[in-house]
Amino acid sequence: MGKYIVSRFVGALITLWIIVTLTFFLMHLIPGSPLNNERNTSEAVQRNLEAHYHLDKPVVVQYGIYLKSLLQLDFGPSIKQSSQSVNDMLGQGFPISAELGFYSLLIAVMSGIVLGILAALKHNHMIDYLAMTIAVIGISVPNFIMATLLIQQIAVNMELLPVATWASPAHMILPTVALATGPMAIIARLTRSSMLEVLNQDYILTARAKGISTFNIVMKHALRNAVLPVVTILGTLVAGVLTGSFVIEKIFAIPGMGQYFVKGINNRDYPVIMGTTVFYSAFLILMLFLVDIAYGILDPRIKLHKRGD
Amino acid sequence: MRKLTAALLSVLLVFALVGCTTSQSSSENNSGSADSDNKKEEKGGEKILLLNNGNEPTSFDPPIGFDSVSWNALNNLMEGLTRLDKDDQPQAATAEDWKVSDDGKTYTFTIRENAKWSNGDPVTAEDFEYALKRLADPNTASPAAFLANFIEGAKEFNEGTGSADDMKVKAVDEKTLEVTLVAPQNYFLSVISNPAFFPVHKATVEENKDWATEADTFVGNGPFKLTKWEHSSEFEFKKNENYWDAENVKLDGVHWAMIDDTNTEYQMFKTGELHQSDVPADLSEQLFEEGKAQVEDQSGTYFYRFNVNMEPFQNENIRKAFALSVDQQKIVDFVTKNKEKAAHAFVGPGFKDPAGGDFRDVGGELVSPDAAKAKELLEKGMKEEGYDTLPKVTMTYNTSDTHKQIAETMQQMFKETLGVDVELANMEWNVFSDEQKAGKLQFSRSSFLADYADPINFMENFQTGHSMNRTGWSNAEFDKLIQDAKAESNEEKRFEMLHQAEEILFEEMPIFPIHYYNQVYLEADNVEGIVRHPVGYLELKWADLK
């Protein structure tokens, strides 16, 4: 196990370095500059700004400067929002995005799995159709439409909850629900199909023959196998949802880190593009690794290592 | 049972790890929100104006945050030598009085005895000297540094050929500031109301270069002080009791949210969570009909640039043919539907000449739609160039729904009037901006917003090689008129020169205008006294809640 982790760790570092290098040079290939301004400036002003941010140096030199500060875990200053460093942005934005993502995933996983199981157990009955209708709506209605609907109905018309921002628990309900519907639908469908497959297998029949209650069959025997595909996509979902959903965060004015992915690129704010990319990549690599480990625990047939430990 | 526990635990493994990182922040958040709830209860009768800043301010350091997301707020946290009044005229502010030398070049300001910083220190002439030199200093890398070029020696200092000592800003004594200009400028008093010219508290800035990044280190001298700043989320102003004119400040504070989405902003306005909102594009017609949307002028022009170095626009008559085919009034009436004024010249309305007339009214309309003449000019131009068919024309705009609709309407107008098929191209803003500056666009969408309140700010853009020219157009007579106007102390003559320059611009037509900008907004009924200047930033000093 130890060896496995070390080799995965080294692999992760190399992957990260490749991502950093590719992103850095690709980003400098995009036309435009963080210092572009539609307003009037003078040439001297432009030169001073370029010198201030080292943008007057060759790209390779800038790459060297960046790698050096990256090794000290310093993502540098933001060019467009000079009151914050990229470290501050990520440090303040990530916990908020993670909180939003965590609650959404919790709702999505809980309700998705329950819906999936119910649908599988009552296969081709009303409950199945109902659950799958909910799932299809969840998949086909984009979350920004869901968000707008929720705001219009619940916040503006019924005045039950506040419209936007992230000030109190009451403010968190609408964005969490809006963000949860998509993953919930995916999980419900996955659970349903793998549950159906598992329920038709011989060992379930044996269990039934032994007179075990349906509840116990589902909880002890079926779910454990049926949930594997869900775990597979969970790695990607977690990284995606926890690092911020740009659309939801924008609509609800949540100060998470999702906004920086888009704004960074629009503004050609190089340090922000790099910071968000490195952070997201590292996080995704970590999640995929955790999923691999979770496989081993869930399904003894999958071995992460040959022998020993 | 142990296996089941292990299985369940592993399902939650992923969450558990993430949970570690979130638990701390969520507890912080919860305590934070509890606090703010309490405060709201305490506030009770307090007058707190609820505004939206849209985005995180670039910076509250005056020379750095050269944009409206920073300066709209900063304008109320600090104060320059002058402040614009309700009629957009500069009035004594931190300076209580000033004298102008006979040649109109040297200004001697007397700073108010009771002008104080939010930390209680007096505002001194030295603070101003330090701030203005800091604005021009190349090491500050201020995008607004060019505004200081009015002051003698500032341009050289910024370009690296001069020094701070040669820049003619001098604190004569604690309360007397002497500024010498390159040339006499009557609008200088209006220029220095701009946030770029705000003083900074010298001791604070020298001690901590990041002083303007957090509420507790920020020192201002305006009607309000910064009491809370949660980056990318919100910030809060309280009335500044140290402000010299505090008795005329009626609000107790201002809460600024940062909501980037206009629809969300509008919804919050409807539920009373904001006192003010922009108008969502889809609803503007309806809100105008209901009389809810309000309009103020904003000095600036939406226009199109021809590239005079690219065929077929090297020809003046062809440029004019295109310009005369566009009906500006139809565009503002049926496309933008935002109550903008159709533009028939470049300098917007609102600049008074010495005789009291408006520069725009005196100058009149310099380009108006005329289909017959446009056709004639196109034929003439094609003959001059020996064209049988017109070279391909591509009109480029930066990606946005409004720009697209305007461009499509113009495309239709060119087709109907001239029988010319124009191609449309859109580019992401940053790419567009690069290409336009590099002179690679044949015919492109443009905008200009005035930095200071004088027609010369509009006209100087089209001097040969100016960074805002971007057309390749060059006219020696025009250049001379602008240079002379900048040195002219007689206002009547100066305005006359500017009128002449504008006429030359439209005789040769390297650009043509679409509309003047405006500011459209919704405001709650109980809000009064917020001032929006055509040139300048949001003014809350006199704002009140009934």
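Per-chain numbering applies: the sequence of each chain, read as written, is numbered from 1 onward. For naming, the first written chain is A and the first written ligand is 1, with later ones following in the order written. The predicted nature of this model means local features are confined to residues of pLDDT at least 70 and side-chain atom pairs, given and counted, to a pLDDT of 80 or more, with totals for whole chains, interfaces and linings taken over all residues. Working from all heavy atoms in the structure, the side-chain values ignore hydrogens and water.

- Labelled according to an unreviewed UniProt entry, chain B appears under the name Peptide ABC transporter substrate-binding protein, originating from Exobacillus caeni.
- UniProt positions are given in the numbering used here, feature names are shortened, and annotations may be inferred rather than shown by experiment. Of chain B, the UniProt comment under Subcellular location (unreviewed entry) reads exactly: "Cell membrane".
- UniProt lists a comment for chain B under the heading Sequence similarities (unreviewed entry), and it reads "Belongs to the bacterial solute-binding protein 5 family."

- As annotated in an unreviewed UniProt entry, chain A carries the name ABC transporter permease and is attributed to Exobacillus caeni.
- Here chain A is described in UniProt, under the heading Sequence similarities (unreviewed entry), as follows: "Belongs to the binding-protein-dependent transport system permease family."
- For the record of chain A, the UniProt heading Subcellular location (unreviewed entry) holds the text "Cell membrane".

### So, the UniProt feature "domain: Solute-binding protein family" (unreviewed entry) in chain B
- The feature "domain: Solute-binding protein family" (unreviewed entry), as given by UniProt, occupies residues 90–466 of chain B in the numbering adopted here.
- In residues 90–466 of chain B, helix accounts for 30% and strand for 21%; the two terminal C-alpha atoms are 28 Å from one another. For the purposes of this entry, the term helix denotes a DSSP run of H or I that reaches at least four residues, the term strand denotes a run of E that reaches at least two, and both are numbered from the N terminus.

### Points about the interface of chain B and chain A
- Between chain B and chain A, the residue contacts involve 67 residues of the former and 66 residues of the latter.
- Surface buried jointly by chain B and chain A totals about 5,700 Å² across both partners, of which 58% is contributed by carbon and sulfur atoms.
- Notably, a salt bridge pairs Arg268(A) with Glu428(B), separated by 2.6 Å at the nearest N-O pair.
- Identification of polar contacts relies on pairs of N or O atoms within 3.5 Å, with a donor-acceptor requirement for protein atoms, meaning one able to donate a hydrogen and the other able to accept it, and with residues adjacent in sequence counted only if both atoms are side-chain atoms. Our count for the chain B to chain A interface comes out at 10 residue pairs in polar contact (both at pLDDT 80 or more).
- Those elements giving two or more residues to the side of chain B that touches chain A turn out to be helix H1 (2–11), helix H2 (13–43), helix H5 (154–159), helix H8 (262–270), helix H15 (429–437) and strand S16 (443–449) of chain B.
- The element that contributes the greatest number of residues to the side of chain B that touches chain A is H2(B), accounting for 12 residues. Residue contacts are counted whenever heavy atoms from the two residues lie within 4.5 Å of one another. Buried area is calculated as the accessible area (1.4 Å probe) missing from two parts once they are joined, with the contributions of both summed. Put simply, a salt bridge is a Lys or Arg side-chain nitrogen that is within 4 Å of an Asp or Glu carboxyl oxygen.

### Comments concerning the packing of aromatic side chains
Residue and element names in this part refer to chain B.
- Two aromatic rings from Phe, Tyr or Trp, using only the six-membered ring of Trp, form a pair when their centres are within 6.5 Å; if the ring planes differ by under 30 degrees the pair is stacked, by over 60 it is edge-to-face, and anything between is tilted. The tally for this structure, following the rule as stated, stands at 50 aromatic pairs over all chains.
- For the ring pair Phe 306 and Phe 512, a centre distance of 5.6 Å and an interplane angle of 40° mean the geometry is tilted. Linking Phe 306 in strand S12 (residues 294–306) with Phe 512 in strand S17 (residues 511–523), this pair joins segments that are 206 residues apart in sequence.
- With a relative accessible area of 0%, Phe 306 lands in the buried category.
- Burial status follows relative accessibility: with a 1.4 Å probe on protein chains alone, a residue under 20% of its type maximum counts as buried, one over 50% as exposed, and anything between as partly exposed. Overall, the relative accessible area of 0% leaves Phe 512 in the buried class.
- Ring pairs connect the aromatic residues Phe 60, Trp 211, Phe 218, Phe 224, Trp 229, Phe 235, Phe 237 and Trp 256, which therefore count as one cluster.
- In our convention, an over-ring charge means Lys NZ or Arg CZ found within 6 Å of a ring centre and within 35 degrees of that ring's normal. If you follow Lys 339 out to its NZ or CZ, it ends over the ring of Phe 288, 5.0 Å from the centre.

### Things to note about a negative patch on the surface
Residue and element names in this part refer to chain B.
- On the surface, a cluster of negative charge is made up of Glu 96, Asp 97, Glu 113, Asp 173 and Glu 174.
- When you line up the elements, Glu 96 lands in strand S4 (residues 95–100).
- Overall, Glu 96 belongs to the partly exposed group, its relative accessible area being 41%. Exposure above 30% relative accessible area and no salt bridge define the residues that can form patches, which grow by joining like charges within 9 Å and nonpolar side chains of Val, Leu, Ile, Met, Phe, Trp and Tyr within 5 Å. Computed with a 1.4 Å probe, the accessible areas rest on the Shrake-Rupley method; for each residue, only the protein chains presented here act as cover. Here Asp and Glu are counted as negative and Lys and Arg as positive; His is not counted, and neither are the chain ends. The atoms used to mark charge sites are NZ of Lys, CZ of Arg, CG of Asp and CD of Glu.

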